[in-house]
Amino acid sequence: MRSTGFRRTFVALSVCSLALTASACGSGDDSASGKTRITVNCMPPKSAKVDRAFFEEEVAAFEKQNPDIDVVAHDAFPCQDPKTFDAKLAGGQMEDVFYTYFTDARHVVDIGQAADLTPYVKELKSYGTLQRQLRDVYTVDGKVYGIPRTGYSMGLIYNRALFEKAGLDPDRPPATWDELRAAAKKIAALGDGTVGYADYSAQNQGGWHFTAELYSQGGDVVSDDGKKATVDTPEGRAVLQNLHDMRWTDDSMGSKQLLVINDVQQMMGSGKLGMYLSAPDNIPILVKEKGGDYQDLALAPMPGGQGTLIGGDGYMFDKNASPAQIRAGLKWLDHMFLTPGDGFLGDYARAKKQDAPVGLPEPRLFTGAADTKDQQVKKANANVPVENYQSFLDGNQNLDMKIEPPHAQQIYSVLDGVVSAVLTKEDADIDRLLKDASAKIDGILARG
């Protein structure tokens, strides 16, 4: 899954419908004008005025610098619609340069719909500066099939004001699940409807968070070869037992369950929730949409100290894109997204002028000198309390960064039932739940 609010962009349904011919979305061969024409998606819609203006500014600047390239952008909300994604690919109706979640990269390659970028990737100036673990998402059998655009990792969002009110040190967030449980009890004891810790348990989001919590304990959802479930383990039981005990023994998770992300964000924004798992991108949503205050919101690494779930997005190229279109598309990606401190997502000075949040700890795409430059420009334009996120930045250095499992949504659907059972039934049989879930996941993996 992606973390809601992960991109600063807010994007709208593709103008390419399945009723259009293939040439309406993809650009085919180079145009008769002598220019190389590329279609791209994930342009912000007109309703997102600021982001739309930024995007159009950058496209215009790119075309001015590259007068031999014509960029035709399509808006899309969401950038990738699961209901039409595979059909567009199979029908040859995908843009030349198209958006994908990390979890879909391997699938696109497996069904033979992605262009091999390996012969051209050396022309992408930024490629060597990108974090290897993000590049590896789009590398299959040694060949490069896509370029990461942004990435996130899960952490613990917490309310500093509630920590202080409960007698906890807001500068020392819980580093283990035992410490989190103890903190949640103290926060819940404040009363007046205050919840210590909240978690998702519906719409596949419970399975998503179970996965992140399992990673934090050092476990995994599937085996390294992707053939067997690995949830029926001591680590899997530890995740569920902890949730069960906080819910039923400590009463620190509140009585309302089957929560989804919007429910939890509303609780945090209203000042009635102490902690929940999320990525940094949730913080602006909590402030701008849910009534929260940047000063009260802080971010810590995943409790447990073992690992965290990472996700993100990037761009792949249609299998029928010409060499000229691939080269043009790579230039466009460099300009728009992959130049430290510049471009659509990286022009922090421009973002600050429009009151967009600058200074959140992620996304962090680059390494070495490129990362240093990007962080310097971000820090110079920061308009949020960056000190509230230092614990997250420091702690992440020691965690194993793990992407979502294969067939993530199907697996999350199975695990949703496990988490919801534990949070809604005091006598839930954890061993039986994990055994049944393991068998169902094995079936998903066997079907490929």
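On a predicted model such as this, the values are computed, not experimentally measured, just so you know.

(A) Here's a closer look at the overall build of the protein. Counting its secondary structure elements, the protein contains 18 helices and twelve strands. Taking 448 residues into account, the globule formula puts the C-alpha radius of gyration at 22 Å, and the protein, at 22 Å, falls close to it. Seen through its C-alpha atoms, the protein measures out along the principal axes to roughly 70 × 50 × 40 Å. Taking contacts inside the protein between residues at least 6 apart in sequence as the whole, the part at least 24 apart equals 78%. Carbon and sulfur atoms make up 49% of the accessible area of the protein, which amounts to about 18400 Å² in all. Of the charged side chains in the protein, 48 are positive and 61 negative; the average position of the first set lies 3 Å away from that of the second.

(B) Seen up close, the nonpolar core. The biggest cluster of nonpolar side chains holds 75 residues, and the ones touching the most others in it are Y197, F210, L243, M275 and I441. Ignoring sequence-local partners within four residues, the contact set of I441 consists of V222, A229, V231, I411, V414 and L415. Grouped together as the second largest cluster of nonpolar side chains are 55 residues, A114, L130, L333 and L338 included.

(C) Representation of the sheet that holds strand β8 (residues 195-197). The strand order β8-β9-β7-β10 describes an open sheet built from four strands, whose pairing is mixed. The open sheet terminates on both sides in strands that have one partner only, identified here as β8 and β10 (297-301). Taken over all neighbouring pairs, the strand axes of this sheet differ in orientation by 25° on average, direction set aside. Here strand β7 (residues 155-159) runs beside β10; their pairing, made up of five bridges, is antiparallel. Paired with I157 across the strands is L299, a residue of β10. Across the sheet, helix α10 (residues 261-269) is in contact with β7, β8, β9 (273-278) and β10; its angle to β9 comes to roughly 140°.

(D) Focus on unusual backbone geometry. In this model, E362 is joined to P363 through a cis peptide bond whose omega is 5°. Note on placement: P363 falls in the loop between α14 (348-353) and α15 (368-380). In the Ramachandran plot, C42 falls in the positive-phi region, its phi being about 70° despite a non-glycine side chain. Residue classification places C42 among the buried positions, given a relative accessible area of 0%. In this model, L258 sits at a positive phi of 55°, which is unusual for a non-glycine residue. Take L258: it is sitting in the loop between α9 (234-249) and α10.

(E) Local environment of the pattern of salt bridges. Taken as a whole and assessed by the stated rule, the structure comprises 20 salt bridges. For D75, the salt bridge is made with R52, and the minimal N-O distance between the two is 3.2 Å. Remark: R52 occurs in helix α2 (residues 49-65) and D75 occurs in strand β2 (residues 69-75); sequence separation between them is 23 residues. By the burial criterion, D75 is buried, and R52 matches it.

(F) Region of interest: the packing of α9 against helix α18 (residues 430-447). In contact at an axis separation of 10 Å, α9 and α18 are set at 135° when each is read in the N-to-C sense. Overall, the two elements α9 and α18 adopt an arrangement that is oblique. Considering how the two elements wind past one another, α9 and α18 form a crossing that is right-handed. Residues G236, R237, L240, Q241 and H244 of α9 form the contact with α18, whose own contacting residues are I430, D431 and L434. Classifying every residue of the contact of α9 with α18 by side-chain character gives three nonpolar, three polar and two charged.

(G) Region of the structure containing the packing of aromatic side chains. If you walk through the whole model with that rule in mind, you get 13 aromatic pairs. Each ring, one from F102 and one from Y138, has its centre 5.9 Å from the other, and the planes form 85°; the classification is edge-to-face. One end of the pair, F102, is in the loop between β3 (97-101) and α4 (105-110); the other, Y138, is in the loop between α5 (132-137) and β4 (139-140), with 36 residues separating them in the sequence. Across this residue pair, the class does not change: F102 and Y138 are buried. Between F337 and F344 the ring centres are 6.2 Å apart and the planes differ by 75°, which places this aromatic pair in the edge-to-face class. Comparing F337 with F344, the two get one shared label, buried. Taking the ring centre of F337 as reference, the NZ or CZ of R149 above it sits at 5.1 Å. Over the aromatic face of W248 sits the side chain of R247, whose NZ or CZ is 3.9 Å from the ring centroid.

(H) Seen up close, empty space enclosed by the protein. Scanning all chains against the criterion turns up one cavity of 30 Å³ or more. If you add up the space inside the largest cavity, you get close to 40 Å³. Surrounding the largest cavity, W177, E213, Q217, A238, V239, N242 and L243 form its lining. Considered class by class, the residues forming the lining of the largest cavity number four nonpolar, two polar and one charged.

Conventions we followed
Residues numbered from 1 in each chain as written. Predicted model: local features only at pLDDT ≥ 70, side-chain atom pairs only at ≥ 80, totals over all residues. Heavy atoms only, no water. Helix = DSSP H or I, 4+ residues; strand = E, 2+ residues; numbered from the N terminus. Rg over C-alpha atoms; globule rule 2.2 N^0.38 Å. Contact = heavy atoms within 4.5 Å. Areas by Shrake-Rupley, 256 points an atom, 1.4 Å probe, with all protein chains shown as cover. Lys, Arg positive; Asp, Glu negative; His and termini not counted. Charge placed at Lys NZ, Arg CZ, Asp CG, Glu CD. Core = buried A, V, L, I, M, F, W, Y, C linked by side-chain atoms within 4.5 Å. Buried < 20%, exposed > 50% of the residue type's maximum accessible area, 1.4 Å probe, protein only. Pairing = 2+ DSSP bridges. Axes fitted to C-alpha atoms, helices over the stretch in contact; angles between N-to-C directions. Salt bridge = Lys/Arg side-chain N within 4 Å of Asp/Glu carboxyl O. Parallel < 35°, antiparallel > 145°, perpendicular 65-115°, else oblique. Left-handed = near helix turned anticlockwise from the far one by under 90°. Nonpolar A, V, L, I, M, F, W, Y, C, P; charged D, E, K, R; others polar. Phe/Tyr/Trp six-rings, centres within 6.5 Å; stacked < 30°, edge-to-face > 60°. Lys NZ or Arg CZ within 6 Å of the ring centre and 35° of its normal. 1 Å grid on protein atoms, 1.4 Å probe; cavity = no way out; pocket = protein on both sides within 12 Å on 5 of 7 lines; lining within 4 Å. Points joined across faces, edges and corners; volume = space filled by probe spheres on them.

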